[in-house]
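Analysis of the macromolecular model
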Amino acid sequence: MPYVLRPIRPEDDPAVARVIRTVMPEFGARGPGFAINDPEVDAMCGAYPPPRALYLVVEVDGRVLGGGGIGPLAGADDAICELRKMYLLPEARGLGAGKTLLTRCIDEARARRYGRIYLETLTGMDAAQRLYERFGFAKLGAPLGATGHFGCDRWYALDL
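Everything quoted here is computed from the prediction, not taken from an experiment. (Residues numbered from 1 in each chain as written. Predicted model: local features only at pLDDT ≥ 70, side-chain atom pairs only at ≥ 80, totals over all residues. Heavy atoms only, no water.)

1. Points about the environment of Pro90
Topologically, Pro90 is positioned in the loop between β4 (80-88) and α2 (97-111). The class for Pro90 is partly exposed, based on a relative accessible area of 44%. As a C-alpha pair, Pro90 and Thr22 span 68 residues in sequence and 9.7 Å in three-dimensional space. (Helix = DSSP H or I, 4+ residues; strand = E, 2+ residues; numbered from the N terminus. Buried < 20%, exposed > 50% of the residue type's maximum accessible area, 1.4 Å probe, protein only.)

2. Topic: the pairing of strand β5 (residues 116-121)
Counting buried positions over the 6 residues of β5 gives 5, a clear majority of the element. Note: β4 against β5, 3 bridges, orientation parallel. Within the sheet, the bridge partner assigned to Ile80 lies in β5 and is Arg116. Once the chain exits β4 it traverses α2 before rejoining the sheet at β5, and the crossover so formed is right-handed. Summarising the sheet, β5 and strand β7 (residues 154-159) pair through 6 bridges and their orientation is antiparallel. In the strand pairing of β7, Leu119 is matched with Tyr156. (Pairing = 2+ DSSP bridges. Right-handed = clockwise from strand over helix to strand, strands pointing away.)

3. Re the nonpolar core
Among the nonpolar cores identified, the biggest contains 54 residues, and Leu83 and Phe137 are the most heavily contacted of them. Secondary structure elements with two or more residues in this core: α1 (13-26), β2 (54-60), β3 (63-72), β4, α2, β5, α3 (126-134) and β7. If one sorts the elements of this core by residue count, α1 sits on top with 7 residues. (Core = buried A, V, L, I, M, F, W, Y, C linked by side-chain atoms within 4.5 Å.)

4. Here we look at α2
With 15 residues, α2 ought to run about 21 Å at 1.5 Å a step, and its terminal C-alpha atoms sit 21 Å apart, in line with that. Among all positions in α2, only Ala97, Gly98, Leu101, Leu102, Cys105, Ile106, Glu108 and Ala109 are buried. Each buried residue of α2 lies within a common arc of 165 degrees when the element is viewed along its axis, so the set occupies one face. Exposed side chains of α2 directed beyond 90 degrees from the buried face belong to Lys99 and Ala111. (Expected span 1.5 Å × (residues − 1). Arc of directions from axis to C-beta.)

5. A short note on α3
Of all the positions in α3, only Gln129, Leu131 and Tyr132 are classed as buried. Buried positions in α3, seen along its axis, are confined to an arc of 155 degrees and lie on one side of it. Buried-residue contacts for α3 involve β4, α2, β5 and β7. Following α3 by one or two positions, Gly136 has its phi on the positive side, about 95 degrees. (Contact = heavy atoms within 4.5 Å.)

Put into structure tokens, the structure is as follows:
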């Protein structure tokens, strides 16, 4: 099943919110301290303004089945961006879309002259963590920045 990776458009906001609200609970990320509760979930297109941010969607047969993006890490040095809200619905997994999406986010971070990409995740998102590690992300002992995602218990960074 082929997929298309493209920048988010305003009309994608409801579909992206559905992806986030479907995938996060699958891994126990329901309550306070998780990205599912961020105000931007309902307006993702506007939450990733150029030139320092970008959100991409994964589209299969005209349906948005996932996405992920980069943007400045709140409460951190300008040289650090955050990999944000990278989630795929089950039907989009196993297609190579996650690898393509992560590759593109890393390339876009470099193009925007970030020196480091940071991400937060949690126990149970094992496949995602294996992907991050294959790309060279290193585990951190504590969170960076001020995301408010205190429910996350795994942190990674990649020096660009």
